[in-house]
Structures are given as C-alpha cells and as structure tokens.
Amino acid sequence: MTSSKHSRLSFLLVICFLTSSHATAQNRQIIPFDSGWKFISGDQENAQEAKFDDSTWRNLNLPHDWSIEGPFLQNAPSGGGGGYAPTGIGWYRKHFTIQKNTKEHIWIEFDGVFENSSIWLNGKFLGKRPYGYISFHYDLTEHLLNDENVIAVKADNSNQPNSRWYSGSGIYRHVRLVKTNALHIAHWGTYITAPEVSEESASVSIITTIVNEDTTPMKSVILRTILLDNNGNEAGKSESKVTIEPMTHRDIEQKTEIKSPKLWSIENPNLYSVRSEIAINNSLLDDYITTVGIRKIEYDVNRGFLLNNKHVKMHGVNLHHNGGSVGAAVPKHVWKRRLEILKEMGCNAIRTSHNPPAPEFLDLCDELGFLVMDEAFDEWTIGKVANGYNKYFAEWSERDLTDFIRRDRNHPSVVMWSVGNEVREQPRPDGFEVLRKLADIAHREDITRPITQGCDNIAADGGSTTQEFLELLDIVGYNYVDRWHERRELFFSIDRHENPDWKMIGTESANIYGVRDSYSLGRNENTVQANYTSSMIRVEQLWKFVHLYDYVIGDFMWTGIDYLGESFWPGRGASSGVLDTCGFTKDSYYFYQSQWTDKPMIHIFPHWNWPGREGQFIPVLAYTNCDTVELYLNDKLIGIKSLEFPRQGNSGSWMRYANPVVNAATADLHLSWDVPYEPGVLKAIGKKNNRVVCTEEVRTAGDASAIRLIPDSNSISTNRDIAHVRVEIVDSKGLVVPAANNLVTFNVKGQGKIIAVDNGNTQDLDSFQARQRRAFNGLCLVVLESDKQGTIELTAESEGLKTAAIKIVVQPENMSL
C-alpha cells in the first residue's frame with residue numbers, strides 16, 4: 001500500500017440492481033419458483049431420478065430452513081457455534097411443466113442453498129456449489145421436456161461443525177426461472193458506473209453482456225438502453241448496432257448523460273429505472289429491467305468518506321444473516337422492520353458479517369438508504385472450525401468471489417467490499433499472497449469500490465498482521481482497534497502516525513452487551529451492586545475518538561441484532577445486539593440514538609419495580625442528546641445534571657462562546673443518579689439551551705392482569721406478506737410488567753398462519769414453531785404470514801389474564817397500508 005496509491009483512491013459511480021419485477025419482453029419472463037416443492041430430511045438413494053416416488057414427502061414452499069424447526073440439543077454436531085441446531089442432509093424435489101421452443105433459453109436461479117448443494121433436472125446432473133451463501137444459476141435448456149419435468153436438490157449440511165454462527169440448512173433463499181430468447185442479455189448481465197457525477201449532470205457508462213446461444217448465422221441487433229425517472233419519464237438513452245457471432249457473447253459499452261440527476265443518498269435514496277432492450281427488425285427479443293441509484297463516493301486519507309462531496313461518518317452495525325425465530329429463511333418484511341428500527345437509531349451502515357447476504361436485503365438497503373460493507377468470506381486457506389470454507393477455498397474462491405461481486409456490484413448501497421474476516425493468514429509470512437489474489441479479483445470485477453477486511457491481529461501479541469498484508473488493503477479494517485495494550489486509549493492514532501497514507505475503518509468493535517431489560521442489583525438484598533452501570537464506558541471512549549477524527553471512516557459495532565449461534569449451552573444465541581431476536585430495543589439502542597441522531601430524545605433505566613429494596617440507593621442512568629436532564633421521583637427533584645460532547649472552546653475572543661455554556665457534570669456520554677428507591681414515577685425532563693425538548697417516565701407496575709397485542713401493521717398484502725405482533729403483559733393501568741413470564745397461547749383464524757413465536761431470550765429453548773410462548777421480561781412476539789384476501793384474527797390468552805384479540809386485514813398486493 002503505497003502513499004501514491006492511497007492518495008489517488010477515489011471511487012465515483014452510479015449503481016443499479018436487478019429487481020424481481022417481471023419483464024415485459026416477448027421472451028424474457030421471470031417466473032417465481034418458490035411454491036409446490038416436496039421435502040424430506042435425511043439422505044435418499046436415487047432421489048435425483050425423475051421417476052423417484054416422492055409422494056410421501058412433505059409439501060412446502062420456499063424459502064425453507066429445516067434447522068430452525070429444531071430440536072436444539074446439547075449434543076448437536078453443530079455445537080455452540082451453530083446454536084446447537086439440527087443439520088444433516090435434506091432433499092427437495094419439484095414437478096413442473098413449461099412450454100419452450102427451439103429459440104428459447106431457460107435457466108434456474110438459486111439465491112442460496114446451505115450447503116454443498118447438488119442439482120439435477122430429469123436425472124441429469126447440473127452441478128454443485130459447496131458455499132452455502134453464494135447465489136448461482138444453471139442452464140436448463142438442454143434437458144427440459146415439454147412434458148413433466150422434475151428438479152431435484154440435495155443440500156448436504158452434515159459435515160459439522162462448519163460455521164461459527166447459525167447457518168440454517170436447505171434452500172433458504174428464493175428460487176426463480178428465467179425464460180429468454182436464445183439471443184439475450186446474460187445472467188447478471190449489466191455493469192453500470194458513472195465516471196462523473198454532480199448535481200448538474202451525471203455521465204453514465206453501461207456495459208451489457210449479450211449472449212447468442214443460437215446456432216444460425218451471425219445476427220445484427222439493436223441494443224437500446226433507456227434511463228427512466230420514478231415517474232416513468234425518459235432521463236437518458238443510448239442505442240447501438242451490434243453483431244453477435246453464433247454461440248458467443250460480447251460486452252457492449254454505452255454512454256449517456258442525465259441532466260440534474262436526483263442523487264442517491266442516505267437521507268434521500270432516489271432511484272431510477274434502466275431498461276436494456278435487444279431488438280432485431282423492430283422485434284423485441286429481450287429486455288432487462290434494473291433500478292439505478294446515482295451517487296459519487298470518495299475515500300480520502302484525511303477526510304474519511306464522502307458521499308456526493310459531503311463528509312459522512314459511517315454509523316455502522318454488523319449483522320448476521322439469520323432472522324431469529326424464522327432462522328435463515330428470512331421474509332423480506334422481517335428485514336424491512338429490523339432495518340427501519342435501526343435507521344431510527346441513527347444507523348446508516350451495515351456490514352454483512354461474514355458472508356454474502358440475500359439479494360433482497362441489499363434491495364432494502366438501496367431503498368432505505370444504508371451504506372453496505374459487503375463481505376465475502378470468514379475463512380480462507382486456514383480453517384477456524386473443523387469443516388469450514390477453507391476446505392473449498394482453493395477450488396472455489398475465485399468463482400465464488402467473482403459471482404458475489406457480479407451479483408452485487410450494481411447496488412448503490414454497496415460502498416466497499418470486504419474479502420475476509422479475522423482470517424488466520426494475517427500473521428503468516430505468505431498470508432498476503434492469498435489476499436493479493438482476492439484483491440486482484442475484486443479490482444478486476446469492479447473498478448469503483450475499495451476492498452477491506454476485518455483484521456483482528458493488528459498489534460496482537462504472539463503474531464501480528466504483517467505489513468505486507470495491510471499494505472494490500474485499500475482500506476485497513478480494524479476488528480477491536482482498542483484490544484491491545486495502549487491502543488485501549490490511543491485507538492487508531494498509533495497507526496495514523498506510523499502509516500499516514502492508510503485509510504482506516506473500524507470493521508468490528510464492542511457493543512454494550514446485555515440481555516433486554518435484565519437488571520440485577522446483586523445477590524445481597526441489603527447492598528446494591530448493579531450490573532448495568534459500567535459496560536458502556538469502553539464503547540463511549542471509542543465513539544468519542546471515531547466521531548472527532550474525520551480520517552476514521554466510521555465504526556461497525558458488534559452487533560446490531562442478537563443472533564442464533566456463537567452460544568454456550570443452554571443458550572442458542574448471542575445477546576450482543578442493540579435489538580433482541582424479536583427486534584425489541586435494549587437500553588444500548590438508545591445510547592447510539594443519543595449519539596447518532598439530532599431529534600431530541602432521552603431514555604432512562606432500569607425499570608422501577610424493586611420490592612424489598614425500599615430506601616436503598618439504586619443507580620438510574622440516562623442516554624440523551626440533550627445538554628441537561630432533570631430527574632424527579634414522585635414529583636421530587638432528585639438532581640439536575642448536564643453533559644456536552646464535543647465540548648466547545650472559545651469563539652471570537654477569550655471566554656466567549658458561540659453557544660450557551662453547559663456546565664457538564666461528567667465526561668461520559670451518559671448521566672447517572674443514585675436514587676433512594678420508593679415505588680412511583682421516575683420522570684426525566686430533557687432540555688436544550690434551557691428549553692424543555694423531551695421527557696420520559698418510568699413507572700412502577702402492578703400485578704399482571706391482561707395481555708395487549710400491538711401489530712406493526714393493521715393491513716398487509718396477500719402473497720405471504722408478514723405482520724409482527726408485539727405481545728405485552730400489562731397491569732390494570734396498561735403498564736408492562738417488567739418481570740412477567742406468563743405462558744401465552746395463541747390461536748389464529750382466517751387468511752393467515754403463525755410462522756414463528758419468540759421472546760428474545762436466547763436461553764429459552766422452546767420451539768419457535770409452537771403456538772405458545774412464555775413472555776420474557778414482559779414481552780413476546782408472534783410472526784404472522786398472510787394467505788388469501790380477507791382477515792387474520794389472532795387471539796392470545798394466558799391463565800389469570802384478560803384475553804386479547806386483534807384483526808389484521810389482508811389486502812390484494814399493493815393495496816395494504
């Protein structure tokens with residue numbers, strides 16, 4: 001990594017992604033292929049054969065993850081890394097008919113099969129893909145019959161352990177058929193960049209790969225590319241005459257310009273549509289519809305990250321691919337809800353730890369305005385678990401990395417590639433050679449984005465990351481920059497001094513670990529030893545540094561959401577998120593909101609139900625972006641405290657300040673009081689510049705008396721849409737009872753079903769597919785899936801509590817609220 005190389009690194013581009021919308025061309029059809037599959041667990045002899053009898057197999061729709069169905073057992077081969085989930089081998093088969101002619105070309109797309117997938121069509125072997133997170137496709141044309149066809153899929157997840165986190169098992173992502181003309185735009189067949197982007201104009205380059213599978217003589221065709229704004233108005237156009245030899249392909253570059261483009265940004269993720277058409281003699285052969293976001297990204301050694309010429313600090317979180325109670329087969333709306341909650345926290349960046357995500361996850365990031373560090377691998381040539389990806393790396397890594405980048409390089413949200421995480425090659429003398437190969441592939445496939453990787457051995461005792469390794473990274477990624485020695489206080493500054501040309505980012509850092517609403521005052525009933533008063537200090541110190549120094553591009557804390565795996569019995573998940581597996585917020589969520597947002601907010605904790613602790617001094621903490629907080633107990637003032645970050649210096653002259661002076665009571669990023677306990681109401685009043693801007697109350701709750709159901713939407717669409725229903729155990733005044741653990745039973749009628757229940761407690765091993773769930777600290781969750789138009793009626797009951805019921809309307813698609 002030379003100084004000249006890093007000083008010139010600047011990435012300017014326009015990004016687009018292929019949507020799942022149906023093309024309108026005569027021969028381009030995108031056919032959903034998720035329904036009507038058969039499944040059986042365990043290996044089956046000759047199940048790939050077309051005439052195999054699968055009449056007794058289970059009927060289901062994809063995506064499907066059989067691991068989440070349990071049981072979770074201490075002796076499971078997946079171990080704690082895999083969340084003690086069942087794994088093994090599973091078979092899927094689908095019978096279908098499709099009309100084709102000699103001029104058509106048909107392929108099947110799998111967004112992900114975990115793992116070691118083998119695919120057959122009518123008994124003919126199509127291929128295998130070991131890596132369970134990669135998307136792939138197979139050409140079906142040669143083996144398709146005009147009669148019934150059978151596709152068979154074997155997913156072999158029996159070689160355990162093979163993951164450090166919960167992977168899921170099976171065809172856990174979407175499947176589709178694509179039907180085109182023999183002369184067509186290739187799979188992942190466009191690559192769109194913009195050499196110049198400004199508010200006035202954007203010059204757009206479109207590289208389109210055209211494939212001619214026809215054996216007839218050479219053809220001349222017209223390639224027409226049209227850019228449309230969100231109202232359908234033409235914003236740019238390019239047209240080329242192209243000659244394609246039989247049984248060959250060509251990459252065609254076109255250029256166009258958009259005047260006054262609406263730029264894609266975090267605040268305004270504006271999108272365009274791109275329509276690429278192939279025509280011959282005024283007859284449309286194929287088209288390819290994409291969605292485009294136009295933006296300019298730059299990385300500067302001093303200023304950090306710039307989006308559309310504006311400095312942006314990445315407020316990042318790491319996210320694993322599982323969705324808690326739904327496992328690895330995560331419905332899009334589950335991710336949408338989770339991402340929207342993180343957005344309200346002020347999060348603007350996601351690291352896809354540590355594997356390629358589902359395509360629809362990136363679609364959502366494009367639509368909602370997130371920056372994405374898109375990560376490929378957790379292992380290279382040296383393994384971390386007995387049967388990890390290292391066993392396939394030599395044979396498959398180039399193909400997997402190439403496919404990964406070609407699939408994702410047109411997303412506006414993706415702003416850098418991560419080619420690895422905590423790989424064990426870091427300290428090896430030849431480890432940089434492995435990185436060099438991956439870096440070359442990434443730069444070959446995408447000229448517009450830098451590469452990084454999560455390095456956890458920088459300055460490590462017993463073998464630190466080599467200089468040659470770090471010099472190959474466009475951006476040096478630090479996992480736990482404060483882990484070693486004096487770096488606990490000095491963070492990035494040591495390397496900034498010794499390597500001033502490095503660009504730096506925190507790829508992974510500590511979060512405020514904790515289980516939602518789980519507080520302890522200690523075992524001694526006469527002495528308070530609270531467990532929630534200090535875990536934020538390390539996080540606060542790091543964030544101060546990241547915030548103040550522009551050269552630090554940003555930080556991705558571990559993690560945004562609790563996840564399955566990386567656990568110890570009897571747990572099946574890790575509680576490192578700011579959201580639990582239900583998507584319910586923890587106290588740590590509000591710390592980041594206090595630092596990452598400007599809208600006035602205040603959050604106080606713990607709860608105020610402490611019978612037997614009357615008169616004892618209980619620590620009460622507040623996260624806020626106000627400068628002053630007044631705390632009251634039962635209308636009695638406990639104290640007024642202030643904080644300020646960053647602190648302001650003199651302005652204009654000595655002892656003069658641009659803003660009102662704040663007499664800070666602490667250098668921390670939280671406030672605290674010791675409050676003598678008595679039941680009642682804690683009230684915090686937040687002020688800015690002596691003006692009340694927000695308040696929050698915490699009240700002592702009574703005994704549990706009822707259930708309350710709160711859906712995230714009163715109306716959803718047909719076609720397997722999702723509704724989340726928050727279940728609260730409340731007292732007679734409607735207050736959530738913080739220690740309630742009542743067993744709640746659910747019943748559903750109408751046009752929907754329960755697909756999961758959860759309570760956020762990773763120590764609770766009850767089935768996610770049950771029709772009952774014990775509340776955890778007063779809350780649990782029901783996930784509903786729609787069927788036909790009509791209503792879904794959900795009833796919740798528990799012994800000794802008032803029953804609750806709600807109705808959710810199921811509307812035709814695109815009509816739900």
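The following refers to the structure shown. Predicted, not measured: the structure shown is a model, and the values here were computed from it.

Brief notes about the overall build of the protein
Item 1. Regarding its fold elements, the protein presents 10 helices and 46 strands.
Item 2. The principal-axis extent of the C-alpha atoms belonging to the protein is close to 90 × 70 × 55 Å.
Item 3. Looking at the protein as a whole, 60% of its 817 residues qualify as buried.
Item 4. Restricting to contacts in the protein with at least 6 residues of sequence separation, those with at least 24 account for 73%.
Item 5. For the protein, the accessible area works out to roughly 32500 Å², and carbon and sulfur atoms hold 46% of it.
Item 6. The positive charge centre, built from 84 side chains, and the negative charge centre, built from 103, are 2 Å apart in the protein.

Here's the deal with unusual backbone geometry
Item 1. In this structure, the amide linkage connecting Gln160 to the following residue, Pro161, adopts the cis form with an omega of -10°.
Item 2. Within the secondary structure, Pro161 sits in the loop between β10 (149-157) and β11 (175-181).
Item 3. Residue Ser353 is joined to His354 through a cis peptide bond whose omega torsion reads -10°.
Item 4. Its location among the elements puts His354 in the loop between β22 (349-351) and α3 (359-368).
Item 5. A positive phi angle is found at Trp188, which is not glycine, with a value near 50°.
Item 6. Examined against the element boundaries, Trp188 turns out to sit in strand β12 (residues 183-197).
Item 7. Classification of Trp188 as buried rests on a relative accessible area of 18%.

Let's talk about helix α2 (residues 332-345)
Item 1. Taking 1.5 Å as the rise per residue, α2 with 14 residues should run 20 Å; its terminal C-alpha atoms sit 20 Å apart, in good agreement.
Item 2. Inspection of α2 places Val334, Trp335, Arg337, Arg338, Leu339, Ile341, Leu342 and Met345 among the buried residues, and these make up the whole buried set.
Item 3. A positive backbone phi angle near 105° is found at Gly346, which sits one or two residues after α2.

What to know about the packing of aromatic side chains
Item 1. Tallying each qualifying case throughout the model produces 38 aromatic pairs.
Item 2. Aromatic pair Tyr131 and Tyr133: ring centres 5.7 Å apart, planes at 80°, arrangement edge-to-face.
Item 3. Judged by relative accessible area, which is 4%, Tyr133 ranks as buried.
Item 4. With 5.3 Å between their ring centres and 50° between their planes, Phe491 and Phe545 make a pair best called tilted. Here the residue Phe491 occupies a position in the loop between α7 (487-490) and α8 (493-498), and Phe545 occupies one in helix α9 (residues 537-548), the gap between them amounting to 54 residues. There is no split in this pair, since Phe491 and Phe545 are both buried.
Item 5. Taken together, the aromatic side chains of Tyr519, Tyr532, Trp543, Phe591, Tyr592, Trp596, Phe605 and Tyr623 make up a single cluster linked through ring pairs.
Item 6. Positioned above the aromatic ring of Phe584 is the side chain of Arg726, whose terminal nitrogen or guanidinium carbon lies 4.9 Å from the ring centre.

Comments concerning α9
Every α-helix carries 3.6 residues per turn, so stepping three or four residues along brings you back to the same face.
Item 1. End to end, α9 covers 17 Å across 12 residues, agreeing with the expected 16 Å (1.5 Å per residue, within 8%).
Item 2. Of all the residues in α9, the buried ones are Val539, Glu540, Leu542, Trp543, Lys544, Phe545 and Val546.

Rules used in this analysis
Residues numbered from 1 in each chain as written. Predicted model: local features only at pLDDT ≥ 70, side-chain atom pairs only at ≥ 80, totals over all residues. Heavy atoms only, no water. Helix = DSSP H or I, 4+ residues; strand = E, 2+ residues; numbered from the N terminus. Buried < 20%, exposed > 50% of the residue type's maximum accessible area, 1.4 Å probe, protein only. Contact = heavy atoms within 4.5 Å. Areas by Shrake-Rupley, 256 points an atom, 1.4 Å probe, with all protein chains shown as cover. Lys, Arg positive; Asp, Glu negative; His and termini not counted. Charge placed at Lys NZ, Arg CZ, Asp CG, Glu CD. Expected span 1.5 Å × (residues − 1). Phe/Tyr/Trp six-rings, centres within 6.5 Å; stacked < 30°, edge-to-face > 60°. Lys NZ or Arg CZ within 6 Å of the ring centre and 35° of its normal.

These figures capture arrangement, not role.
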